[in-house]
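Chain residues, written in single-letter form:
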Protein chains: 2
Amino acid sequence: MSESQKPVIGIIGGTGDLGSGLAKGWAKAGYPVVIGSRSREKAEALAADLGHGVRGDDNVGAARAADIIVLAVPFASHDTTIAEIKAEAQGKILVDAAVPLVPPKVSTVQLPQDGSAAKIAQALLGEGVRVVSAFHNVGAAKLHKGGKADCDVLVFSDDKEARDQVIVLAGVVATRGVGGGVLANSAAAEALTSVLIWINRQYKVPGAGVRITGLDDTVQV
Amino acid sequence: MSESQKPVIGIIGGTGDLGSGLAKGWAKAGYPVVIGSRSREKAEALAADLGHGVRGDDNVGAARAADIIVLAVPFASHDTTIAEIKAEAQGKILVDAAVPLVPPKVSTVQLPQDGSAAKIAQALLGEGVRVVSAFHNVGAAKLHKGGKADCDVLVFSDDKEARDQVIVLAGVVATRGVGGGVLANSAAAEALTSVLIWINRQYKVPGAGVRITGLDDTVQV
């Protein structure tokens, strides 16, 4: 792609609540978006509903078409889906949005033995893929209503350039993208999701989120 | 203590940056505060500087005098300090503010094998102590200047009543205390500290913090 073109975003698990919300937000802003699903027909049908030029395909097709792959599948399907798209992901940025929830206690932090879902993804995909971790704490409701999520998105990666690209994408669908450091730091955002689920239940609110204080809003972050 | 009295707060590691900042904030608001240190003389000297009736003692003495014990020591001293005050803590609330940073890479999340510092504290102290985890992400600078920290304080415990007491204390020294669920969820706040250190360095800000969005500010939380 040339510098003036927007990257093609392929959302794996794009028919889910988060995946389809992100698809809508990016497509509205002019990004070419392909949503992937295990069922191509289901993805095509939802893509037509979303409009804004969103296309549907199976997961492998969506990964193949993408410059940047976003993985938005339940943690139970995380490793198998990565295996499915591994070949198509080589040389690309893969944004892991999977949260390692362990049902039924989804409001209790239970991080994987390896530290984080993102570290598992990097290990499975190998060094040819630049893994970024983000979008764990984004409530999709506002995206589906056509707005931006009212929260900061923490973005983690061992690759600065990839992290910066995803910070830009985060600012399109949420209040702001904020760099959070190396990929290992993804554990913080992954763990926070269970905390936010607990807060939603305890305080009876629809979608608690996180905002980083102490950063000047006028600063380009 | 009677219901109308404020609890005595004993801050272990109370001569450190966070501990002395918290001491100042609570003492200004009328809480009886004892700061503990390995050196009683050092604690007494700092207590005199802090004013507002703050007293100084050694760590065991501060724990003995306290209704609520706050542990604000570096992680390297976490387990040994707990062993030192274990007997004095029985039947009380112990608030663990220790963050499991692993120098020199303090901006990289490196949670302990057992999941969190707070879980280690509960295991060491036994069931006779109600462990609460909080104050991991509070910048002490504003407290030392006489103000409140500009952030929410996430408060974790397996004991609701203890959690609620510490949520009140958090609201005295920071914007707001917010319940974050069971003690295991402390992993999220402990991990966040490394993320905030990274953000401070990357964006060249003095004290990034966290705020929970989506909670009505007028709601008593």
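As the structure is a computational prediction, the values presented were derived from the model and not from experiment.

So, the overall build of chain A
Right, so step 1: Each helix and strand counted, chain A has eight helices and nine strands in total.
Right, so step 2: Since a compact globule built from 221 residues should have a radius of gyration of about 17 Å, the 16 Å found for chain A is in line with a globular shape.
Right, so step 3: Seen along its three principal axes, the alpha-carbon backbone of chain A occupies a region of about 40 × 35 × 35 Å.
Right, so step 4: Of all 221 residues assigned to chain A, the portion counted as buried reaches 57%.

Concerning the nonpolar core
Right, so step 1: Judged by nonpolar contacts, the single largest core of 159 residues is most densely connected at Ile69(A), Val70(A), Val95(A), Ile69(B), Val70(B) and Val95(B).
Right, so step 2: Contact partners of Val70(B), with chain neighbours within four places excluded, come to Ile9(B), Ile11(B), Ile12(B), Leu22(B), Val95(B) and Ala97(B).

A short note on the packing of helix H8 (residues 186-202) of chain A against helix H8 (residues 186-202) of chain B
Right, so step 1: One way to put it is that H8(A) packs onto H8(B) with a least axis distance of 8 Å and a crossing angle of 145°. Crossing of H8(A) against H8(B): the hand is left-handed. Only Ala187(B), Ala188(B), Ala191(B), Leu192(B) and Val195(B) of H8(B) make contact with H8(A), whose side of the interface consists of Ala187(A), Ala188(A), Ala191(A), Leu192(A) and Val195(A).

As for the sheet that holds strand E1 (residues 9-12) of chain B
Neighbouring strands of a sheet are bound in pairs by backbone hydrogen bonds; such pairs are parallel or else antiparallel.
Residue and element names in this part refer to chain B.
Right, so step 1: Judged by pairing direction, the sheet is mixed, and its eight strands sit side by side in the order E3-E2-E1-E4-E5-E6-E7-E8 without closing on themselves. Of all strands in the sheet, those bounded by a partner on one side alone are strand E3 (55-58) and strand E8 (174-181). Recorded for the sheet is a direction-independent mean angle of 25° between the axes of neighbouring strands.
Right, so step 2: Of the strand pairs in this sheet, strand E6 (residues 130-133) and strand E7 (residues 149-157) are connected by two bridges, and their pairing is antiparallel. Opposite Val132, over in E7, you have Ser157 as the bridge partner.

Some points on the interface of chain B and chain A
Right, so step 1: Contacts between the two partners involve 36 residues from chain B and, on the opposite side, 36 residues from chain A.
Right, so step 2: The set of elements that each furnish at least two residues to the side of chain B that touches chain A consists of E7, E8, H8 and strand E9 (209-213) of chain B.
Right, so step 3: Considering every element that reaches the side of chain B that touches chain A, the biggest residue donor is H8(B), with nine residues.
Right, so step 4: Here the side of chain B that touches chain A is composed, by residue class, of 22 nonpolar, twelve polar and two charged.
Right, so step 5: With five bridges joining them, strand E9 (residues 209-213) of chain A and E9(B) adopt antiparallel strand pairing. Across the sheet, residue Ile212(A) finds its bridge partner in E9(B), namely Val210(B).

Examining the environment of Ile212(A)
Right, so step 1: Here Ile212(A) shows up in strand E9.
Right, so step 2: Along the chain, Ile212(A) and Asp150(A) lie 62 residues apart, while their C-alpha atoms are 12 Å from each other.

Some words on the relation of the copies chain B and chain A
Right, so step 1: In screw terms, the move from chain B to chain A is a rotation of 180° and a rise of 0.0 Å along the axis, fitting with an RMSD of 0.0 Å. The superposition operator between the copies reduces to a two-fold rotation axis.
Right, so step 2: When you check the interface residues of chain B against chain A, 100% turn up at the interface there too, and the contact is symmetric in its surfaces.

Details of the pairing of strand E2 (residues 33-37) of chain A
Residue and element names in this part refer to chain A.
Right, so step 1: The buried fraction of E2 amounts to five of the five residues, a majority that puts the element mostly inside the structure.
Right, so step 2: Two elements, strand E1 (residues 9-12) and E2, share four bridges in a ladder whose sense is parallel. The residue bridging Ile12 from the neighbouring strand is Gly36, located in E2.
Right, so step 3: With respect to chirality, the unit in which E1 leads through helix H1 (residues 17-28) into the neighbouring parallel E2 is right-handed.
Right, so step 4: Strand direction decides the pairing type here: E2 and strand E3 (residues 55-58), joined by four bridges, are parallel. Its bridge partner being in E3, Ser37 is matched across the sheet by Asp58.

Brief notes about unusual backbone geometry
Right, so step 1: Cis peptide bonds are those with omega within 30 degrees of zero, and the linkage from Pro103(A) to Pro104(A) qualifies with 5°.
Right, so step 2: Positive phi values are uncommon outside glycine, yet His52(B) reaches one of about 55°.

A few points about the pairing of strand E6 (residues 130-133) of chain A
Residues and elements named next belong to chain A.
Right, so step 1: Across the two faces of E6 the burial is the same, with Arg130 and Val132 and Val131 and Ser133 all buried.
Right, so step 2: Note that strand E5 (residues 93-96) and E6 share four bridges and pair parallel. When the sheet's bridge partners are listed, Leu94 is paired in E6 with Val131.
Right, so step 3: In this view, the connection linking E5 to its parallel neighbour E6 by way of helix H5 (residues 117-125) has right-handed handedness.

Some thoughts on the sheet that holds E6(A)
All names here are of chain A.
Right, so step 1: Overall, mixed pairing links the eight strands, which are arranged E3-E2-E1-E4-E5-E6-E7-E8 in an open sheet. Every interior strand has two partners, whereas the edge strands, E3 and strand E8 (174-181), have only one. Neighbour-to-neighbour, the strand axes of this sheet turn through a mean angle of 25°, independent of strand direction.
Right, so step 2: Bridge count between strand E7 (residues 149-157) and E8: six bridges; the pairing is parallel.

Things to note about helix H7 (residues 160-173) of chain B
Residue and element names in this part refer to chain B.
Right, so step 1: Helix length check: H7, at 14 residues, gives a terminal C-alpha distance of 21 Å against a target of 20 Å (1.5 Å per residue), a fit within 8%.
Right, so step 2: Those residues of H7 lying buried are Ala162, Arg163, Gln165, Val166, Ile167, Leu169, Ala170 and Val173.
Right, so step 3: Summarising the contacts, the buried residues of H7 are in contact with helix H1 (17-28), strand E5 (93-96), E6, helix H6 (141-144), E7 and E8.

Points about the environment of Pro112(A)
Residues and elements named next belong to chain A.
Right, so step 1: Here Pro112 lies in the loop between E5 and H5.
Right, so step 2: Under the C-beta neighbour-count criterion, Pro112 is labelled partly exposed, with 15 such atoms within 10 Å.
Right, so step 3: Between the C-alpha atoms of Pro112 and Ala187, which are 75 residues apart in sequence, the distance is 9.3 Å.
Right, so step 4: Discounting chain neighbours no more than four positions away, the residues touching Pro112 are Pro100, Ala117 and Ile120.

Section: the confidence of the model for chain A
Right, so step 1: Considering every residue of chain A, the mean pLDDT works out to 94; 96% of them sit at 70 or more.
Right, so step 2: Here the predicted complex carries an ipTM of 0.94, next to a pTM of 0.94.

What counts and how
Residues numbered from 1 in each chain as written. Chains lettered and ligands numbered in written order. Predicted model: local features only at pLDDT ≥ 70, side-chain atom pairs only at ≥ 80, totals over all residues. Helix = DSSP H or I, 4+ residues; strand = E, 2+ residues; numbered from the N terminus. Rg over C-alpha atoms; globule rule 2.2 N^0.38 Å. Buried ≥ 20, exposed ≤ 12 C-beta atoms within 10 Å, placed from the backbone. Core = buried A, V, L, I, M, F, W, Y, C linked by C-beta atoms within 7 Å. Contact = placed C-beta atoms within 7 Å. Axes fitted to C-alpha atoms, helices over the stretch in contact; angles between N-to-C directions. Left-handed = near helix turned anticlockwise from the far one by under 90°. Pairing = 2+ DSSP bridges. Nonpolar A, V, L, I, M, F, W, Y, C, P; charged D, E, K, R; others polar. Least-squares fit on C-alpha atoms with pLDDT ≥ 70 in both. Right-handed = clockwise from strand over helix to strand, strands pointing away. Expected span 1.5 Å × (residues − 1). pLDDT = per-residue confidence, 0-100.

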